[in-house]
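Notes for the structure review
These are the residues of each chain, in order.
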Amino acid sequence: TRQRGDGGGEMGASLPALEIGATATCKRLLCAPGYTWASGVCIPCDAGSFKASPGEGSCAPCVVGTYKDAQGSGACRPCPLGTHTNTTGTDECNLCPSTKTTRATGAIDESACACPMGTYLGGTSLCKACPAGFSAPFGSTDSAACTEWPSCSNVISQGGGAYGTCVILDQFGTLKCWGRNDYGGLGFQDTMDRGTHPRSMGD
């Protein structure tokens, strides 16, 4: 149970050889996922690169539309809504121009940035909200795209965001929301989209 190497003159020729047997072989330990072998040690993959499996393989760059902002383990993640990248091996995604967003995560180019649902591209480069009681599809470029919802004649307030649109009705003070619901932002305690296919609105 004696320790070795923690005192003077215990290493080098003074360190006794280990008997491992004639049939025994030594194997190099495998580097964990997110680490690669270099100069005799396992080192972490740089930000913007990954390695999914254990072993001595090289780290691979994140593909376009994805990023990884830390060293070591972990997968490349899709660019969040409102961002994009057409560069491989990046540790961050580029923001869309002000007021614009993307339809989905993982956008690879600024051309994917557009006005969110319920807004349109005005005379400037900024998106403008449709009037109360009106909405427009994602990516609308003109105020003519704002159309009145048949059941929205009693709308007193409206708001639009990256995922969808919400209105307040004056008849009962009821809040109604529709659009993408990936993260439950519509408030229904689920992730099901509303208003993105026929007969999904109702009352």
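It should be emphasised that the depicted structure is a prediction, and the values quoted were computed from it without experimental measurement.

Criteria and thresholds
Residues numbered from 1 in each chain as written. Predicted model: local features only at pLDDT ≥ 70, side-chain atom pairs only at ≥ 80, totals over all residues. Heavy atoms only, no water. Helix = DSSP H or I, 4+ residues; strand = E, 2+ residues; numbered from the N terminus. Buried < 20%, exposed > 50% of the residue type's maximum accessible area, 1.4 Å probe, protein only. Contact = heavy atoms within 4.5 Å. Areas by Shrake-Rupley, 256 points an atom, 1.4 Å probe, with all protein chains shown as cover. Pairing = 2+ DSSP bridges. Polar contact = N/O pair within 3.5 Å; in protein donor to acceptor, adjacent residues only side chain to side chain. Disulfide = S-S within 2.5 Å. Salt bridge = Lys/Arg side-chain N within 4 Å of Asp/Glu carboxyl O. pLDDT = per-residue confidence, 0-100.

**Focus on the overall build of the chain**
Secondary structure summary: the chain contains 0 helices and 17 strands in total. Put simply, the chain has 203 residues, and 29% of those count as buried. Of the contacts made within the chain by residues no fewer than 6 positions apart, 26% connect residues no fewer than 24 positions apart. Surface summary for the chain: the accessible area is close to 12800 Å², and the carbon and sulfur share equals 55%.

**Observations regarding the pairing of strand β1 (residues 35-38)**
In this structure, β1 lies alongside strand β2 (residues 41-44), joined through 4 bridges in antiparallel fashion. Note that in β2 the partner of Trp37 across the bridge is Cys42. Linkage of β1 to β2, two consecutive antiparallel strands, is achieved through a turn of 2 residues, within which Ser39 is found at a positive phi near 55°.

**As for the side chain of Ser49**
Here Ser49 lies in strand β3 (residues 49-50). What makes Ser49 buried here is its relative accessible area of 11%. A polar side-chain atom of Ser49 sits 2.7 Å from the main-chain carbonyl oxygen of Asp46. Apart from residues lying up to four places away in sequence, Ser49 is in contact with Cys59, Ala60, Pro61, Cys62 and Lys68.

**Looking at unusual backbone geometry**
Although it is not a glycine, Ser39 adopts a positive phi angle of roughly 55°. Turning to its location among the elements, Ser39 is positioned in the loop between β1 and β2. One non-glycine residue, Thr99, adopts positive backbone phi at about 75°. Mapped onto the elements of the fold, Thr99 is located in the loop between β8 (94-95) and β9 (101-102).

**Side note on the state of the cysteines**
Scanning all chains against the criterion turns up 8 disulfides. Between the sulfur atoms of Cys115 and its disulfide partner Cys127 the distance amounts to 2.1 Å. In this structure the cystine formed by Cys115 and Cys127 twists about its S-S bond by roughly -90°; its chirality is therefore left-handed. On the criterion of sequence distance, the pair formed by Cys115 in the loop between β10 (113-114) and β11 (119-121) and Cys127 in strand β12 (residues 127-129) is long-range, its members being 12 residues apart. Judged on exposure class, the residue Cys115 and its partner Cys127 are both buried.

**Focus: the side chain of Thr101**
Relative to the helices and strands, Thr101 resides in strand β9. At 3.4 Å, the side chain of Thr101 and the backbone nitrogen of Gly82 are in polar contact.

**Overview of the pattern of salt bridges**
This structure, assessed with the given rule, holds 1 salt bridge. Across the pair Arg77 and Asp69 runs a salt bridge whose closest N-O atoms are separated by 3.2 Å. By relative accessible area, Asp69 is classed as partly exposed at 47%.

**A closer look at the confidence of the model for the chain**
Averaged over every residue, the pLDDT of the chain is 82; residues scoring 70 or more account for 76%. Considering each helix and strand of the chain separately, the mean pLDDT is smallest for strand β15 (residues 155-160), with a value of 72, and largest for strand β5 (residues 66-67), with 97.

**A look at the environment of Pro131**
In this fold, Pro131 is placed in the loop between β12 and β13 (134-135). In contact with Pro131, other than residues within four places in its own chain, are Cys146 and Gln158.

**So, the environment of Pro97**
Along the chain, the position of Pro97 falls in the loop between β8 and β9. A residue is classified by how much of its surface remains accessible, and Pro97, at 30% relative accessible area, is partly exposed. Sequence separation of Pro97 and Cys115 is 18 residues, and the distance between their C-alpha atoms is 9.9 Å.

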